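Geometric and topological summary
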Amino acid sequence: MSGSCAASGEEVGSRQRPQVNEYKENETITSVSLRPIQSPVLGKSVKFCLIPFSLCNYKLDQFKYSKSLLEKNSNKEVVLCKKTEIKKICRGILTPNMETTSEAESTLQKSSLDVHTENNKLLPSTSDAVFLSVDVESCQDRDSDGDTTPGLSAARLREMIKKRQPPKSKRKKPKKRENETGCRRSMRLLKVDPSGVSLPAPAPQPTLVVDANPLLPPGPLEMTPENRDDNNELFKEFLQTWTEMSKTSTVDTENKLSSIKSYKGNLSDMAITEDTVNKVTQGPVSSMALHPSETRTLVAVGAKSGQIGLWDLTQHPKEDGIYVFHPHSEPVSCLYFSPANPANILSLSYDGTLRCGDFSRAIFEEVYRNERSSFSSFDFLAEDASTLIVGHWDGSISLVDRRTPGTSYEKLVQSALNKIRTVHVHPVYRQYFIAAGLRDAHIYDTRHLKPRGSQPLISLTEHTKSIASAYFSPMTGNRVVTTCADCKLRIFDSSCLSSQVPLLTTIRHNTFTGRWLTRFQAVWDPKQEDCVIVGSMDYPRRIEIFHETGKGVHSFFGGEYLASVCSINAMHPNRYILAGGNSSGKIHVFMN
């Protein structure tokens, strides 16, 4: 075979070398083929072409002729053949017998299957056909010279591809060193002495519990301002001013009730200035009261920190008119000037104490104390402030009589409420009072209270969330206003307490102040029976007044002087003066 191939090769005048595509790295091999090249053999050009077949499904009975694929893959052909198989192919080509051709064709198919089997992991699984062509001249050259150049064998191809894949290296675990020195550890932490003997366990230390807000001692407390140095002269002048304001002019409240038109006109004349805005206490304002003086503007502020601040707006500069005291250890939730003697201011705190600040004696005397229960609110049962009603957070109620010298008589009863936020006495029929509970407001008759199981006279059950406050109207008590967390203000008709109290008006109002702001409490204007005052979450910041019908009466805007939410508000009983407190201790005063 090799001799005949060499002889025929010598007779060819000019030979054309087989065209081989070199393997390039990172190039995907899609097909393997031997392309027939026309060569003059024995004076004739013999061309041999095999039928392409697909290797993706390994079926040899499905063949397709594809000239386009031959042209497409002509530049990516690689000559792969084994010497022994090429020799058989060459014999079949040189023999002009169709049977030999068929035998060579089947041999090539078997050869291609062998190549595919050997390189199964190298060739991609595609449906592309593999074309095999035989160049007689290339076979002759390989056999005669004994050289595989320029062809590329399957073994060589597999070897080159294997070189592309770096061998997987396993990380070697570091060997442990023998007799390795361990980390040095403190013998004190190991609880052993230097000789290696274990130390005895230390004796347990007593746990020291420090109360963040210690309860102040019982009895009277001296009026000592926190924001002032020891200047007795200025402080004496301050006390003298508040003492002189103890007497106020008696005005007939019936004649003070004005029409809505004139009332709106007076509200429009009220304004705020830089001199009427000042920070009085540290921390959020939790209660506020205006002194009923006709000549001076005096504001009292109760703070969450337990402070009580007094501000005289007639003093200039304005900082000279502020004095701050600390008679309580927890928030001051309720603050009133005594209706009998405005020189006395009564304050109630969560710490379970009720004190009376007497400016004439410069002391905060203790009116009532209960260390077992926290207080929430109080009001005067008698007009002379001799008897009080105190609401507790746990739902109990205390009736306190101050007429006993040196002490106060207490009658503790349990209401039908689990929690009491505010209590307020009817202004005309003072045996009735209303208590705002968790979701209901109850009206009680003090003459029918029992130590256990006291039942309300009337229940207001229209609320869907917790109630912040409930107050009777200031002159007749014919209306009740409640502030609820469901963003509604409700006004009830309480003109007849012997039957149910119907709901008159529901005012939609954003009362969701969140956890950082003091909750809103809608209060009545003490000189206008049918109007309520409440803070607002709207922008720009404002304080609003609504009529009992739900219509807006007036909104107080302050521009740059009112840039925060005033949760607690108070109106002067006789003059057109409004004070609003925010959650940083700042007071905003509107006045004409």
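Residues numbered from 1 in each chain as written. Predicted model: local features only at pLDDT ≥ 70, side-chain atom pairs only at ≥ 80, totals over all residues. Heavy atoms only, no water.

Scanning the protein chain for helices and strands turns up nine helices and 33 strands. When burial is assessed residue by residue, the protein chain has 47% of its 592 residues classed as buried. For the protein chain, the proportion of contacts with a sequence separation of at least 24, taken over those separated by at least 6, is 57%. (Helix = DSSP H or I, 4+ residues; strand = E, 2+ residues; numbered from the N terminus. Buried < 20%, exposed > 50% of the residue type's maximum accessible area, 1.4 Å probe, protein only. Contact = heavy atoms within 4.5 Å.)

On to the pairing of strand β23 (residues 467–472). Within β23, six of the six residues are buried, which leaves it mostly tucked inside the rest of the structure. Here β23 runs beside strand β24 (residues 479–484); their pairing, made up of five bridges, is antiparallel. Bridging from a neighbouring strand, serine 469 pairs with threonine 483 of β24. Counted along the chain from β23 to the antiparallel partner β24, the turn is six residues long, and its residue glycine 477 has a positive phi close to 75°. (Pairing = 2+ DSSP bridges.)

Across the sheet, which stays open at both edges, the four strands sit in the order β6-β33-β32-β31 with antiparallel pairing between neighbours. For this open sheet the edge positions go to β6 (277–279) and β31 (568–571), each flanked by a neighbour on one side alone. Direction aside, the axes of adjacent strands within the sheet are offset by 20° on average. Where strand β32 (residues 577–581) and strand β33 (residues 586–591) come together, five bridges link them in antiparallel fashion. Each residue of the ladder has a partner; that of isoleucine 577, found in β33, is methionine 591. (Axes fitted to C-alpha atoms, helices over the stretch in contact; angles between N-to-C directions.)

A word on the side chain of glutamate 529. On the secondary structure map, glutamate 529 appears in strand β28 (residues 528–535). Buried and unpaired, glutamate 529 has no salt bridge, with arginine 479 as the nearest side chain of opposite charge at 6.9 Å. Here the side chain of glutamate 529 touches methionine 475 through a polar contact of 2.9 Å, landing on its backbone nitrogen. (Lys, Arg positive; Asp, Glu negative; His and termini not counted. Salt bridge = Lys/Arg side-chain N within 4 Å of Asp/Glu carboxyl O. Polar contact = N/O pair within 3.5 Å; in protein donor to acceptor, adjacent residues only side chain to side chain.)

For strand β7 (residues 285–290), the buried fraction is high: six of the six residues fall into the buried class. Bridge analysis of β7 against strand β8 (residues 298–303) gives five bridges, and the strand direction is antiparallel. In the strand pairing of β8, alanine 289 is matched with alanine 300.

Here the focus is the environment of proline 474. Counting through the fold element by element, proline 474 comes out in the loop between β23 and β24. Exposure remark for proline 474: the relative accessible area of 27% places this residue in the partly exposed category. Residue contacts for proline 474: discarding those within four places in its chain leaves Pro427, Trp524, Asp525, Pro526 and Glu529.

Spatially, the four strands line up as an open sheet ordered β19-β20-β21-β22, and their pairing is antiparallel. Because the sheet does not close on itself, it has two edges, and the strands there are β19 (422–425) and β22 (458–460). Each neighbouring strand pair of the sheet contributes to a mean axis angle of 20°, computed without reference to strand direction.

All chains considered together, the criterion is met by 13 salt bridges. Across the salt bridge formed by arginine 355 and glutamate 366, the nearest N and O atoms sit 3.5 Å from each other. Taken together, the residues arginine 355 in strand β13 (residues 353–358) and glutamate 366 in strand β14 (residues 363–369) connect sequence positions 11 residues apart. Glutamate 366 gets classed as partly exposed once you look at its relative accessible area, which sits at 26%. Members of the salt-bridge network, linked through shared partners, are Arg355, Glu366, Arg369 and Glu371.

This next bit is on the packing of aromatic side chains. A full pass over the atoms with the stated rule returns 17 aromatic pairs. Ring centres of phenylalanine 238 and phenylalanine 325 lie 6.5 Å apart, and the angle between their planes is 35°; on these two criteria the pair is classed as tilted. In this pair, phenylalanine 238 is assigned in helix α7 (residues 232–244) and phenylalanine 325 in strand β10 (residues 322–325), connecting sequence segments 87 residues apart. When the ring of tryptophan 242 is compared with that of phenylalanine 337, the centres are 6.1 Å apart and the planes differ by 20°; the resulting orientation is stacked. Of this pair, tryptophan 242 sits in helix α7 while phenylalanine 337 sits in strand β11 (residues 332–337), placing them 95 residues apart in sequence. For the pair tryptophan 242 and phenylalanine 337, a shared accessibility class is recorded, and that class is buried. (Phe/Tyr/Trp six-rings, centres within 6.5 Å; stacked < 30°, edge-to-face > 60°.)

Looking now at the nonpolar core. Residues Leu267 and Ile545 are the most contacted members of the largest nonpolar core, which totals 31 residues. Those elements that place two or more of their residues in this core are α9 (260–268), β25 (488–493), β27 (523–525), β28, β29 (542–547) and β30 (552–557). Among the elements that take part in this core, β28 stands out by supplying four residues, more than any other. Discounting residues that sit within four places of it in the chain, isoleucine 545 has contacts with Tyr263, Leu267, Cys531, Val532, Ile533, Lys551, Gly552, Val553, His554, Phe556 and Met571. Of all hydrophobic cores here, the second largest spans 21 residues; its members include Phe238, Ile308, Phe325 and Phe364. (Core = buried A, V, L, I, M, F, W, Y, C linked by side-chain atoms within 4.5 Å.)

Its 13 residues give α7 an end-to-end C-alpha distance of 18 Å, which sits within 8% of 18 Å, the value for a rise of 1.5 Å per residue. Looking only at α7, the buried set comprises Phe235, Phe238, Leu239, Thr241 and Trp242. In a view along the axis of α7, the buried residues occupy a sector of 155°, so they form one face of it. Exposed and oriented more than 90 degrees from the buried face of α7 are Asn232, Glu233, Lys236, Glu237 and Glu244. (Expected span 1.5 Å × (residues − 1). Arc of directions from axis to C-beta.)

Counting through the fold element by element, histidine 291 comes out in the loop between β7 and β8. Apart from residues no more than four positions distant in its own chain, histidine 291 is found in contact with Trp242, Met245, Leu298, Phe337, Pro342 and His572.

Mapped onto the elements, glycine 219 comes out in the loop between α6 (154–164) and β5 (221–222). A relative accessible area of 18% places glycine 219 in the buried class. Excluding its chain neighbours within four sequence positions, the residues that come into contact with glycine 219 are Arg355, Phe364 and Glu366.

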